[in-house]
Amino acid sequence: MEKGLRRLMCAAGLLGIAAFVLALLLVVLFLVGLNHWQQPVDEELAPAVLALVVIYAVCIAVAIAMLPLAGVCLGTGIYQVCAFAKGELRRRIVVMTVLGLVFSALLLVAALFFLFMFGSLGSLQIFTDAAFGSMISVGAGLCALSIAAVAVQGVCLSRLRRARKAQQMQVEAYFTQPPPYAGPNF
């Protein structure tokens, strides 16, 4: 495997691992924040409590759904980093890169949806400004990291397929060559 492709695979793997860490941090911050949210003081917010509970339930469901998605990104990232160390070009590497690409895209969609739902809670001012800002910044960081992971996984996939095709053509060319001429056979 060429050096540039190996570095690209390592970068894709490290982005998958970092995406898991940020998703886990986001879920932990949100679940810890549920215990420490400040009560709304305005009495006009009382009818909106049902909507608030529904938004919280959706945020919790999306946050919990992000963990398995990020777990697959972690697994593919670890595999890609190990494949980088070995430098072997196998079919399984292409499959893992496809898995990393798909689950990074799904993680991006889930993180964007979580940020949209959590951002709608900002106007109610039920979280402190620092807690709300930290959640939004970690969520935005996860979105940016997921976008980078999708881009790097896509480039890595195209380069891997090209390298696998070249490797396959070399093997086919080797086996289709006539045997060397050894002279007349008497």
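About the cut-offs
Residues numbered from 1 in each chain as written. Predicted model: local features only at pLDDT ≥ 70, side-chain atom pairs only at ≥ 80, totals over all residues. Heavy atoms only, no water. Helix = DSSP H or I, 4+ residues; strand = E, 2+ residues; numbered from the N terminus. Buried < 20%, exposed > 50% of the residue type's maximum accessible area, 1.4 Å probe, protein only. Contact = heavy atoms within 4.5 Å. Areas by Shrake-Rupley, 256 points an atom, 1.4 Å probe, with all protein chains shown as cover. Core = buried A, V, L, I, M, F, W, Y, C linked by side-chain atoms within 4.5 Å. Patch = residues over 30% accessible without salt bridge, like charges linked within 9 Å, V, L, I, M, F, W, Y side chains within 5 Å. Salt bridge = Lys/Arg side-chain N within 4 Å of Asp/Glu carboxyl O.

1. Structural notes on the overall build of the chain
Piece 1. In terms of regular secondary structure, the chain is built from four helices and zero strands.
Piece 2. Starting at the N terminus and walking to the C terminus, you meet the elements of the chain as α-α-α-α.
Piece 3. In the chain, which comprises 186 residues, the proportion classed as buried is 34%.
Piece 4. Contacts spanning at least 24 positions in sequence make up 87% of the contacts within the chain whose residues lie at least 6 apart.
Piece 5. Accessible surface, the chain: about 11000 Å² in total, of which carbon and sulfur atoms supply 68%.

2. Overview of the nonpolar core
Piece 1. Formed by 43 residues in total, the largest nonpolar core has its most connected members in Met66, Leu107, Phe114 and Leu160.
Piece 2. Sorting the residues of this core by element identifies helix H1 (3-35), helix H2 (49-86), helix H3 (91-119) and helix H4 (129-176) as the ones contributing at least two each.
Piece 3. Ranked by residues supplied to this core, first place goes to H3 with 11 residues.

3. Some details on a nonpolar patch on the surface
Piece 1. Together, Leu24, Val28 and Val32 make up an exposed nonpolar region whose accessible area comes to about 220 Å².
Piece 2. With respect to the secondary-structure elements, Val28 resides in helix H1.
Piece 3. Val28 gets classed as partly exposed once you look at its relative accessible area, which sits at 43%.

4. Comments concerning the environment of Ala12
Piece 1. By secondary structure assignment, the location of Ala12 is in helix H1.
Piece 2. Its relative accessible area of 1% is what places Ala12 among the buried residues.
Piece 3. Each C-alpha atom, one on Ala12 and one on Cys73, is 9.8 Å from the other, the two residues being 61 residues apart in sequence.
Piece 4. Residue contacts for Ala12: discarding those within four places in its chain leaves Gln80, Val152 and Gln153.

5. Here's the deal with the environment of Ala18
Piece 1. Locating Ala18 in the fold gives a position in helix H1.
Piece 2. Given the relative accessible area of 29%, Ala18 is considered partly exposed.
Piece 3. The sequence separation of Ala18 and Ala149 amounts to 131 residues, and the corresponding C-alpha distance is 9.5 Å.

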